[in-house]
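Each chain, written out:
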Amino acid sequence: MNRLNVTLGQGSWGGSALRRFARSTAAMLLCVVVVGYVALGIASSGSFFEGPSVRVFLQYLATPILIGLAQMVALCVGQLNLAVGALGGFTACLMGVLMADHGVPAGVAVIVGLLTATAIGLATGVAIVGTQINGFIVTLATMTILLGAQYRLTGTRTVDGYSRTLRDFGTAAPLNIPLVFVTALVAAALLAAFMYRTVAGRRLLAAGGNPLAARLSGISTDRQIVAAHTLSGLLIGVAAVTATASLPGVNRSVGGDWLLPSFAAPIIGGVALTGGSIAVLGTVLAAFVTRLIDAARAQFSLDPSWVNLLIGLVVLGTVAGGRLHQTRLEKSATTDGAVLPQTGGAQ
């Protein structure tokens, strides 16, 4: 009998979890991805379903996923990282110059790039905490500095003579699944495990959700801000590696179009701008959506500005809808709080 009850309980829990997922933002995005991909396949007379097309689509999806996750980590503590594109572009150019101009092996250049991006993320977090200046201003200044440094590295040229090993990694696709895409998925899985399963990850969420309660619980919100920007820098470094491996060359334009997609993926995926929440699966699926929009632009030869307009409108609509929903919840809570004391007095 006890075994039967356990089995029924597990079935009930599984059904409940499935119902919650069906009502979630991730489920909606999954439907959009499936419908959008099928529609593009039909519009391209089936060529979009062929192996080479799938491989290219997934290859250039890795970077949007990673920069979306990097922005998500900053958002979870109530911060904004405007330096996502500049840091990614600088790191990519740094690795390219090290390999092409100085003969540094690919493995060493990648390690230097990852350490540099992580260190800059750490320095950004320390600057925000140490100066108590709004993160928007600090990351804006960081972006400006890094854009200048990126131009100093490459000037007007394109660096394209770097390691064949890194290029092979960028093009390798066993079973038509690019290794750079697998790298992005592994990074997403590790990030989800860190945020949901470790004490350090839960502290980040606690500090972003309610800073006062976190401080009263002994959690240093300043440390969490530094940790979030450091982790964001690491993820940007990984994105720079995938971009460098996938592109035929790097120049000062790399990273220039990363900022909007970095915000679009987590916001559309269900991450609150106020902090305290993450949505790894939602962010990954939202990156799929933005990549589908870009693929549609290429398929129908649309002006890139229309793509940015569409993504911007989606982000604005998502933020406005989330704010409206939050306002309704607050009004409902206020109404309930006003009614309850009257009911208790009547009793």
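Predicted, not measured: the structure shown is a model, and the values here were computed from it.

**A look at the overall build of the protein**
Check the secondary structure of the protein and you find 15 helices and zero strands. Taken across its 347 residues, the protein has 43% of its residues classed as buried. Pairs at least 24 apart in sequence give 76% of the contacts found in the protein among residues at least 6 apart. Total accessible area computed for the protein in this model is approximately 17500 Å², and 66% of it derives from carbon and sulfur atoms.

**Topic: helix 13 (residues 259-269)**
Extensive coverage of helix 13 is indicated by the burial of eight of its 11 residues. Taken residue by residue, helix 13 has Ser-262, Phe-263, Ala-264, Ala-265, Pro-266, Ile-267, Ile-268 and Gly-269 as its buried positions. Backbone geometry just after helix 13 places Gly-270 at a positive phi near 110°.

**Some words on empty space enclosed by the protein**
Tallied over the full model, the rule gives one cavity of 30 Å³ or more. Taken as a whole, the largest cavity spans an internal volume of roughly 60 Å³. Lining the largest cavity, in full, are Asn-81, Ala-83, Leu-87, Ile-120, Gly-121, Thr-124, Thr-142, His-229 and Ile-236. Secondary-structure elements contributing two or more residues to the lining of the largest cavity are helix 6 (106-131) and helix 12 (221-246). Residue contributions to the lining of the largest cavity peak at three residues, all from helix 6. Tallied by class, the residues present in the lining of the largest cavity amount to four nonpolar, five polar and no charged.

**Focus on the pattern of salt bridges**
Counted by the stated rule, this structure contains four salt bridges. A salt bridge links Arg-164 to Asp-168, with the shortest nitrogen-to-oxygen separation between them at 3.2 Å. Here the residue Arg-164 and the residue Asp-168 both occupy positions in helix 8 (residues 164-171), the gap between them amounting to four residues, near one helical turn. Take Arg-164: its relative accessible area is 59%, and that puts it in the exposed class. Residues participating in the shared-partner salt-bridge network are Arg-291, Asp-294 and Arg-297.

**Topic: helix 2 (residues 25-43)**
In an α-helix, one turn spans 3.6 residues, which is why side chains three or four residues apart end up on the same side. Taking 1.5 Å per residue as the helical rise, helix 2 with its 19 residues ought to reach 27 Å, and the 26 Å between its terminal C-alpha atoms agrees with that figure. For helix 2, the set of buried residues is Ala-26, Ala-27, Leu-29, Val-33, Tyr-37, Leu-40 and Gly-41. Buried positions in helix 2, seen along its axis, are confined to an arc of 165° and lie on one side of it. Set apart from the buried face of helix 2 by more than 90 degrees, the exposed residues are Val-35 and Ile-42.

**Structural notes on the layout of surface pockets**
Computed from the structure, the largest pocket encloses a volume of approximately 700 Å³. Lining the largest pocket are 24 residues, with Pro-64, Asp-257, Trp-258, Pro-261 and Asp-294 positioned closest to its centre. Of all the elements in the fold, those that place two or more residues in the lining of the largest pocket are helix 4 (62-75), helix 12, helix 13, helix 14 (280-299) and helix 15 (304-346). By residue class, the composition of the lining of the largest pocket is 13 nonpolar, seven polar and four charged.

**A look at the packing of helix 4 against helix 13**
Between helix 4 and helix 13, the least distance of the axes is 8 Å, while the angle of their chain directions is 65°. Judged on the interaxial angle alone, helix 13 and helix 4 are roughly perpendicular. Classified by chirality, the crossing of helix 13 by helix 4 is right-handed. Contact residues: Ile-67, Gly-68, Gln-71, Met-72 and Leu-75 in helix 4; Leu-259, Pro-261, Ser-262, Phe-263, Ala-265, Pro-266 and Ile-267 in helix 13.

**Focus on the nonpolar core**
If you look at the biggest cluster of nonpolar residues, it comprises 86 residues, and the most contacted ones within it are Phe-57, Leu-61, Ile-65, Leu-69, Leu-191 and Phe-288. Not counting chain neighbours up to four residues away, the residues in contact with Leu-69 comprise Ala-188, Leu-191, Leu-235, Val-280 and Thr-283. With five residues, the next largest nonpolar core counts Val-129, Val-138, Ile-225 and Val-226 among its residues.

**Here we look at the side chain of Thr-230**
Summarising the element assignment, Thr-230 is placed in helix 12. Using a relative accessible area of 19% as the deciding quantity, one classes Thr-230 as buried. A polar atom in the side chain of Thr-230 sits 2.7 Å from the backbone oxygen of Val-226.

**Concerning the UniProt feature "transmembrane region" (unreviewed entry) in the protein**
According to UniProt, the feature "transmembrane region" (unreviewed entry) maps to residues 21-44, 56-75, 82-100, 106-129, 136-153, 173-196, 225-247 and 267-293 in the numbering used here. In residues 82-100, helix accounts for 89% and strand for 0%; the two terminal C-alpha atoms are 29 Å from one another. In residues 136-153, helix accounts for 100% and strand for 0%; the two terminal C-alpha atoms are 26 Å from one another.

**Some words on the confidence of the model for the protein**
Atom-level detail of predicted coordinates should not be read off regions where pLDDT is low. Considering every residue of the protein, the mean pLDDT works out to 86; 89% of them sit at 70 or more. pLDDT under 50 marks residues 339-347. Its contacts with residues more than four places away, or in other chains, come to zero contacts.

**Describing the packing of aromatic side chains**
Applying the stated rule across the entire model yields six aromatic pairs. With centroids separated by 4.8 Å and ring planes inclined at 50°, the aromatic side chains of Tyr-37 and Phe-48 adopt a geometry described as tilted. Separated by 11 residues along the polypeptide, Tyr-37 in helix 2 and Phe-48 in the loop between helix 2 and helix 3 (51-59) bring together distant segments of the chain. Judged by its relative accessible area of 10%, Phe-48 falls in the buried class. Geometrically, the ring pair formed by Phe-181 and Phe-288 is edge-to-face, given 6.2 Å between the ring centres and 90° between the ring planes.

Parameters at a glance
Residues numbered from 1 in each chain as written. Predicted model: local features only at pLDDT ≥ 70, side-chain atom pairs only at ≥ 80, totals over all residues. Heavy atoms only, no water. Helix = DSSP H or I, 4+ residues; strand = E, 2+ residues; numbered from the N terminus. Buried < 20%, exposed > 50% of the residue type's maximum accessible area, 1.4 Å probe, protein only. Contact = heavy atoms within 4.5 Å. Areas by Shrake-Rupley, 256 points an atom, 1.4 Å probe, with all protein chains shown as cover. 1 Å grid on protein atoms, 1.4 Å probe; cavity = no way out; pocket = protein on both sides within 12 Å on 5 of 7 lines; lining within 4 Å. Points joined across faces, edges and corners; volume = space filled by probe spheres on them. Nonpolar A, V, L, I, M, F, W, Y, C, P; charged D, E, K, R; others polar. Salt bridge = Lys/Arg side-chain N within 4 Å of Asp/Glu carboxyl O. Expected span 1.5 Å × (residues − 1). Arc of directions from axis to C-beta. Axes fitted to C-alpha atoms, helices over the stretch in contact; angles between N-to-C directions. Parallel < 35°, antiparallel > 145°, perpendicular 65-115°, else oblique. Left-handed = near helix turned anticlockwise from the far one by under 90°. Core = buried A, V, L, I, M, F, W, Y, C linked by side-chain atoms within 4.5 Å. Polar contact = N/O pair within 3.5 Å; in protein donor to acceptor, adjacent residues only side chain to side chain. UniProt positions renumbered as here; feature names shortened; annotations may be inferred. pLDDT = per-residue confidence, 0-100. Phe/Tyr/Trp six-rings, centres within 6.5 Å; stacked < 30°, edge-to-face > 60°.

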